[in-house]
Structure formats: C-alpha cells, structure tokens
2 protein chains.
Amino acid sequence: MKSIAILGSTGSIGQQTLDVVGAFPDRFRVVALAGRDNSALLAKQVAQLQPRMVYSAKAIDIHSPAESLSMEEIAAHPDVDLVVIATSGKAGLRPTLAAIRAGKQIALANKEVLVLAGKIITSEAKQYGAQILPIDSEHSAIWQCLHGEQSQPARIILTASGGPFYGQSPEQLAKVTPKEALSHPTWKMGRKVTIDSATLMNKGLEAIEAHWLFSIPFDHIEIIIHRQSIIHSLVEFADGSTKAQLSFPDMRLPIQYALSYPERLPNAHLPHLNLTKVKALTFEPVNPGQFPCLKLALEAGKEGGTCPAVLSAADEVAVNLFLAGKARLTDIAELITQTITRHHPVVNPSLEEILAADIWARQTVEDIAKRKITC
Amino acid sequence: MKSIAILGSTGSIGQQTLDVVGAFPDRFRVVALAGRDNSALLAKQVAQLQPRMVYSAKAIDIHSPAESLSMEEIAAHPDVDLVVIATSGKAGLRPTLAAIRAGKQIALANKEVLVLAGKIITSEAKQYGAQILPIDSEHSAIWQCLHGEQSQPARIILTASGGPFYGQSPEQLAKVTPKEALSHPTWKMGRKVTIDSATLMNKGLEAIEAHWLFSIPFDHIEIIIHRQSIIHSLVEFADGSTKAQLSFPDMRLPIQYALSYPERLPNAHLPHLNLTKVKALTFEPVNPGQFPCLKLALEAGKEGGTCPAVLSAADEVAVNLFLAGKARLTDIAELITQTITRHHPVVNPSLEEILAADIWARQTVEDIAKRKITC
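Our subject in this report is the structure included herewith. If you're wondering where the values come from, they're calculated on a predicted model, not measured in any experiment.

A closer look at the overall build of chain A
Piece 1. A count of helices and strands for chain A gives 16 helices and 13 strands.
Piece 2. Computed over its C-alpha atoms, the radius of gyration of chain A comes to 20 Å, within 12% of the 21 Å expected for a compact globule of 375 residues.
Piece 3. Overall size of chain A, expressed as C-alpha extent along the three principal axes, is 55 × 50 × 40 Å.
Piece 4. Relative to its 375 residues, chain A shows a buried fraction of 59%.
Piece 5. Looking at chain A alone, contacts between residues at least 24 apart form 68% of all its contacts between residues at least 6 apart.
Piece 6. Surface accessibility of chain A: about 14700 Å² in total, with carbon and sulfur atoms responsible for 53%.
Piece 7. Measuring between centres, the 36 positive side-chain charges of chain A sit 4 Å from its 37 negative side-chain charges.

Set out below in structure tokens:
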C-alpha cells in the first residue's frame, strides 16, 4: 500500500491521477490533496477521499478532519511515500525540493520544475537519493526505453503531434482563436499545455526536461513530427538500435506507471494498442520556421542559467494574453523574444535568482504587451 | 576479450558475424570456426583468422595448425566463452546442447534448435545456467524490449514483412519461380529463410521460438504485416504500454548485440535509423487464407511434442523441392499438411524421438512428392 500526496489534484493531471488511484484501492491510498483555483472541486475531492492532509490556496469549506498544511509540509511529511507534482508553473518548485530533501519518490508532471531549476533539482535528488519519476508521456517513454540499459543513450527522439494548426501559414496562424487552439487533436490536457502544444513551445520545454532528467546534451535531442501521437518518444543507442514506447494517447498510462513503478498493473480502463487499426505511423521533420517558440526554447535551454526561467515565465504570460484575446497566437514568440533580448542572464543561479528572473520576465512581457497595445 | 566459436561460419549469419567480430578486434577473438557446404570459403576464413579449432563437414585443405574437432567438442571447449549457433536445420541441435551443458553463452540464430527441441533446450539451459541470446531480429527486438522489466509480457507482436509476393493471389503464387522468391524485399538472408519468409512459415517458426524463449503462450503471440521491416517486433505489457525495437534491416545489429550484451558498442558500419526519411510505418493484419504455412506452424507449435519437428523437416524438404524446380511455391503447404496428417505425435519426446520424427518427415515428404510428380 503506497501513500500518495497529489499536489494539484484539481487540474487535468491531478484528476486523471485520482482516476488511476481509484482503480487500485488495494495498492494506493490518497493521504493528501492540494489545489489552487478550483476550490469547489477540491472540497468535493476531500469530502470523497477523506485525506489526512489538505492544502488549498483559497479558503474552502470542508467537512473533514483533514489537517491543513502547506504543500512543502505535505511533500516532506513522514506519512507520504510518493508525491505527485501535478501543479503548474513555478508552483511545484518548492514542494518538489521539499520532497527531494525528504527522500521521497516524486512523480513529476509539472514541466517548469525542471525547466526553471533542472540543475538544482537533479543535483539535490542525487544528493538525497530521491527518485524522480516522469509523468510526461514523452519522458515516461524515454524512461521506459532506458530500463535495463547500461549505456547512455546516443540520441533521444521526442515526438510532437504538431498540434491542431500543423502545416498552416503564418497568416492563418495569426487568425487562430483561443477556442480553436484549445481543440488538441490527440491529447486531453490543460489549457496552457494545449496552446504550448500548438506553438511547439511544449516540445522545447520537454527537450529541456529531457536534458536534465537523462543527462543528455541538447545536440543529442531530436524532435520529429508524428501526427498520430502513438509513439511517445524513442531512444537510439550507441549500436544504432532504437527503442520506442507506444500506446493510444492517454495520460493515465504514464501516471499509473509512475505510481506502480517498477511494477506494471493491469488496468481495464486503459486502452490497448492495435496497430493494424492505426494502419500507419507517420514521421516528418520539424520546419523550424513554422515554430519560432521551439527554436527559442532550445536556445534558452542551451544557454542555461536563468534563461529557461525567463522563457517559461514569458511564455506563460504571453499564452494568458492570447487566451484572454489580448494577443495573437503568433505574438507569443515575439513577446518571448523581446523579453529574452532584454534579460541579463545569471550563470549557475540560486533558487532565489531563478524566481527573481521569473518575476522580472512576467512584468517585462506585460510591459511590452501594453506598449504594443497602446502604440 | 571474449573468445568466440562460430558454428556455421560460411553461411549468411556466419559471414555477418565475422564482419561484426572484425569491427572489434579488441573485444572479440575468433577461436573456432565450423562449416558444412562451402569448404573453399571455410578454408579461406581459417587461413585469414587462424582459429585454434576447426570443424569441416567436408575434407578441406587448410594451412593452419588448427585442431580438428567436432562441433560439440568446440561448443563445450573450455577456451570458448560464447558459441554462435549459425548452422541451419537440425545441425545446431547437439552443439547447442553441448554448449548449454558446458554453461556457455549461446548466441542462437538456428531457428530449428528451439522449434524442434524448445522444451529440452530451455529446461537444460535453466538447469545448467547457460544464457541463450537470440540473434533473430524479431527475438532480439523482444529481448531488448524486455530488459529491465519485472513483469511477464501480456502480448508479443511479431512483425512480418510479408515477403516479395505479399498481396498476390494463389494463382499468381503458383507461378512464382525460385529466382523471384529469392529476391527478398528488405532482408539479406539465406535461401531457405527467404522462401520461408515468402510463405510466412518463417513467422510461424519464430512464434514457436518466441514461445520457448520468453515462456509465452501461443494465444499471447500476435503476427502483423509490417512491410518496411523497421519495427522488428513489439511487446505489450500488463498496463497496455507497448515497447518496440527499431532499426534499418541489417542482421549485423542483432548479431553484435548478442555478442556485446549487456553492453552496446558503437559501430560505424551499422546504419542509423532516420524515421523522417522512412516517412511512414504501416501495419496490416495477416490474412490467414493467404498464408497456409503460417497456420500450419502455429497449429504444430500449439500441439507440441514431435509436431514442430515434423513441420520443420517437411518444410525444409518441400522448400528444397521448390528451389530445385520440382514443386510450386503453393505446393509447400500442401506437402507439409499431408505429412503432418500422417504423423503420430509423441508427447514429451526425447531428443532421439525428435530426430526420428525429423527423419520420418523428410522421407514422407519425398514419398508424397514423388507420387505427386508421377501421378
């Protein structure tokens, strides 16, 4: 019986984690829940699951004897075996560090944790013997392919669906509405991730995550378009042999695997792959011209220091401006570029310097956007 | 430095093994060679590599101080670390058993060893702690996908190219010449394997091998047509996650992997996969009506006992009749069916009973074919 804390239980990954946990009442027990925006859903989850610990960013009315703790206190609590970091943005950073320092198993879905502070997170995880289990489908795929292998991968190939506007011209992209952008062709995901998926920023952030998770240089990471989202990523080894992990797109599979690792549990709710029904898997090179956000992310990743934090924060604000109808989809890359250009990067930054860069970037995008709107 | 014996060094797998060994002079040393038909090539190999031990089925004129030993003596010799069984037909059976009983690493390319005596081979390998490392591309793929996994596979999916006549009608198949049948679309292989690949007998024999190598029931083995021969096979796990191994078709990769296992060695001679050049991987269900040999093999595998030996021997003779222009491609299944129908299977046979069934089957096919030709 594994005792699980779910930080970000009301988001897309959080809800799917509860779905997986619910399928194995003899294996997993939810001991803590934490939520930010959707306090009504959090209250409902708490009432239903009766966890011992709760964190809510907003005041909620719960009928439960649950102890109210901060996310960091929950992440480090002795009653917790595994912490699911399903928060978004920088919210997961300090709880992840707390879990690492308490030597917990950490199932990580919050991209920004590694994008912002990959160096700190991975070196502390090593120091404290904490295990980081990726939940992103791409990183879960790479992790599964690396099992039992002694040698470092020669190359990691991240697959990208290309999003709902793949192949469209810059003119067409400039006219895309938030509603259109939120209809992802293959994956059920949160709003921010869905927009990042359309711009391929998502894939750039995943390259940065992969760099830290698997200690692989950026020039050994390749990104290819694979519209069907069946192969979730591939690993090429020194001898030229390549391994891939496949499934129908369903986030519950990588979530379940992170929870049950190293075991694999049969789950009748998860779809089984039938390749003869899929018929064909296709692969295309990425046209960098069509995806300026991907290029920006890879450059920021290679640059390192505070650059990925600035990229990530600028993207978050720019995506929100787009979702609020205050910027075009094609403005996102432009807003990030202008922000990064103004940034004076810090090499080997502390957590405080990273968070300061994040705040600076958010303000800078707002300023640029306002001037743009007023001029 | 690993000391390697290559039994069947003049065949297709044997020659490709020498190619791999030659690429790593600091890692592998050839200490023994054995050949059957091509004594001129064997003499050349011996002169070039100066192995300590040689076996030749025919008298050869070698200028070497090599000791002349039987294949069984070579396989069990204390100077040998790893034995490559690259023989064909039943020739590999006794040498494999000798290597097992001497606790050697065995790189196995000779399908019939497991098809004829899978039960004996796998139980003796367990008893003597001998490691069987598959060289067939499909089984190497499955083996690579199983690395690091704790749980048994839920399903094994063997991929089949479909051979050069995929999609043709029985009428068209009846007119195929040996020369046409020997032009395999993707793999460089021996003559017998190439014909078996066209009839899908090869895939049926591989299912029997997989059954023994990975202790998997036949109803958990699926066969799908994958014309590009890039995915060499797949494994589905209990949670619905599927892993695949991919490469451009080149037998040197699984050969090298069996020799270097558990390490992976960079080899500039081996091709690297570029999926964006391949563009698409396709998958189709097998039409059992088009491939009666596959159906026969799966039935014989499930039946067990001496049935797979009879199937395999009957197929070998029938393929030779086709290659000699004495039978049509479509007669192969018919000749095997008639032979199996006449067979009285032995359950849990000894090695002697298996070899007796083999001899009986060969004679029976010849008899049936002669009557057919005369009537």
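With respect to the sheet that holds strand β3 (residues 53–56) of chain B
Within a sheet, each strand pairs with its neighbour through backbone hydrogen bonds, oriented either parallel or antiparallel.
Residues and elements named next belong to chain B.
Piece 1. Taken in spatial order, the seven strands line up as β4-β3-β2-β1-β5-β6-β7 in an open sheet, and their pairing is parallel. Here the strands that pair on one side only, and so sit at the sheet edges, are β4 (67–68) and β7 (131–134).
Piece 2. Where strand β5 (residues 82–85) meets strand β6 (residues 105–108), four bridges bridge the pair, whose relative direction is parallel. Counted as the bridge partner of I85 is L108 from β6.

Things to note about the pairing of strand β6 (residues 105–108) of chain A
Residue and element names in this part refer to chain A.
Piece 1. Residue alternation in β6 divides its side chains into two sets, Q105 and A107 and I106 and L108, and both sets are buried.
Piece 2. Traced from strand β5 (residues 82–85) through helix α4 (residues 93–101) to β6, the parallel crossover comes out right-handed.
Piece 3. Both β6 and strand β7 (residues 131–134) contribute to a ladder of four bridges, which runs parallel. Following the sheet pairing, I106 is matched in β7 by I132.
Piece 4. For the crossover that starts at β6, traverses helix α5 (residues 111–128) and ends in the parallel β7, the hand is right-handed.

Overview of the sheet that holds strand β13 (residues 284–285) of chain A
Piece 1. The ten strands are arranged β13(A)-β9(A)-β8(A)-β10(A)-β11(A)-β11(B)-β10(B)-β8(B)-β9(B)-β13(B) in an open sheet whose pairing can be described as mixed. Single-partner strands in this sheet number two, and they are β13 of chain A together with β13 (284–285) of chain B.
Piece 2. Taken together, the five bridges between strand β10 (residues 231–236) of chain B and strand β11 (residues 242–246) of chain B define a ladder with antiparallel strand orientation. Of the residues in β11(B), the one forming a bridge with V235(B) is K243(B).
Piece 3. The strands touched by helix α6 (residues 137–146) of chain B within the sheet are β11 (242–246) of chain A together with β8 (155–160), β10 and β11 of chain B, with β10(B) carrying the most contacts at an inclination of about 40°.

Remarks on the interface of chain B and chain A
Piece 1. Residue-level contacts link 44 residues of chain B with 44 residues of chain A.
Piece 2. Carbon and sulfur atoms supply 54% of the area buried between chain B and chain A, which totals about 3600 Å² over both sides.
Piece 3. For the chain B face of the interface with chain A, the top three residues by lost area are D239(B), R264(B) and F283(B), together amounting to 20%.
Piece 4. Remark: the boundary between chain B and chain A carries four salt bridges.
Piece 5. The shortest N-O distance in the salt bridge between E149(B) and R264(A) comes to 2.7 Å.
Piece 6. Within the residue set of the side of chain B that touches chain A, elements represented by two or more residues are α6, β10, β11, α11 (252–260), α12 (275–278), β12 (280–282) and β13 of chain B.
Piece 7. Top element by residues in the side of chain B that touches chain A is β11(B). It accounts for five residues.
Piece 8. Split into classes, the residues belonging to the side of chain B that touches chain A amount to 20 nonpolar, 15 polar and nine charged.
Piece 9. Across three bridges, the pairing between strand β12 (residues 280–282) of chain A and β12(B) is antiparallel. Across the sheet, A280(A) pairs through a bridge with T282(B), a residue of β12(B).

Looking at the packing of α5(A) against helix α14 (residues 307–323) of chain A
Residue and element names in this part refer to chain A.
Piece 1. Direction vectors running N to C along α5 and α14 enclose 145°, while the axes themselves pass 7 Å from each other. Mapping the contact onto sequence places E112, V115 and L116 in α5 and P308, A309 and S312 in α14.
Piece 2. Considering only residue class, the contact of α5 with α14 consists of four nonpolar, one polar and one charged.

A short note on the packing of aromatic side chains
Piece 1. Under the defined criterion, the tally for this structure stands at ten aromatic pairs over all chains.
Piece 2. Taken together, the aromatic side chains of W143(A), Y257(A) and Y261(A) make up a single cluster linked through ring pairs.
Piece 3. For the cation-ring pair, R264(A) lies above F237(B), with the distance from its terminal atom to the ring centre recorded as 4.5 Å.

Things to note about the relation of the copies chain B and chain A
Piece 1. Rotating chain B by 180° and translating it 0.0 Å along the rotation axis places it on chain A, where the RMSD comes to 0.0 Å. Classification of the inter-copy transformation places it as that of a two-fold axis. Considering only C-alpha atoms, the part of chain B nearest the rotation axis is G148(B), at 1.9 Å.
Piece 2. Here 100% of the interface residues in chain B have copies in chain A that are interface residues too; the copies meet face to matching face.

Rules and cut-offs
- Residues numbered from 1 in each chain as written.
- Chains lettered and ligands numbered in written order.
- Predicted model: local features only at pLDDT ≥ 70, side-chain atom pairs only at ≥ 80, totals over all residues.
- Heavy atoms only, no water.
- Helix = DSSP H or I, 4+ residues; strand = E, 2+ residues; numbered from the N terminus.
- Rg over C-alpha atoms; globule rule 2.2 N^0.38 Å.
- Buried < 20%, exposed > 50% of the residue type's maximum accessible area, 1.4 Å probe, protein only.
- Contact = heavy atoms within 4.5 Å.
- Areas by Shrake-Rupley, 256 points an atom, 1.4 Å probe, with all protein chains shown as cover.
- Lys, Arg positive; Asp, Glu negative; His and termini not counted.
- Charge placed at Lys NZ, Arg CZ, Asp CG, Glu CD.
- Pairing = 2+ DSSP bridges.
- Right-handed = clockwise from strand over helix to strand, strands pointing away.
- Axes fitted to C-alpha atoms, helices over the stretch in contact; angles between N-to-C directions.
- Buried area = accessible area lost by both parts, 1.4 Å probe.
- Salt bridge = Lys/Arg side-chain N within 4 Å of Asp/Glu carboxyl O.
- Nonpolar A, V, L, I, M, F, W, Y, C, P; charged D, E, K, R; others polar.
- Phe/Tyr/Trp six-rings, centres within 6.5 Å; stacked < 30°, edge-to-face > 60°.
- Lys NZ or Arg CZ within 6 Å of the ring centre and 35° of its normal.
- Least-squares fit on C-alpha atoms with pLDDT ≥ 70 in both.

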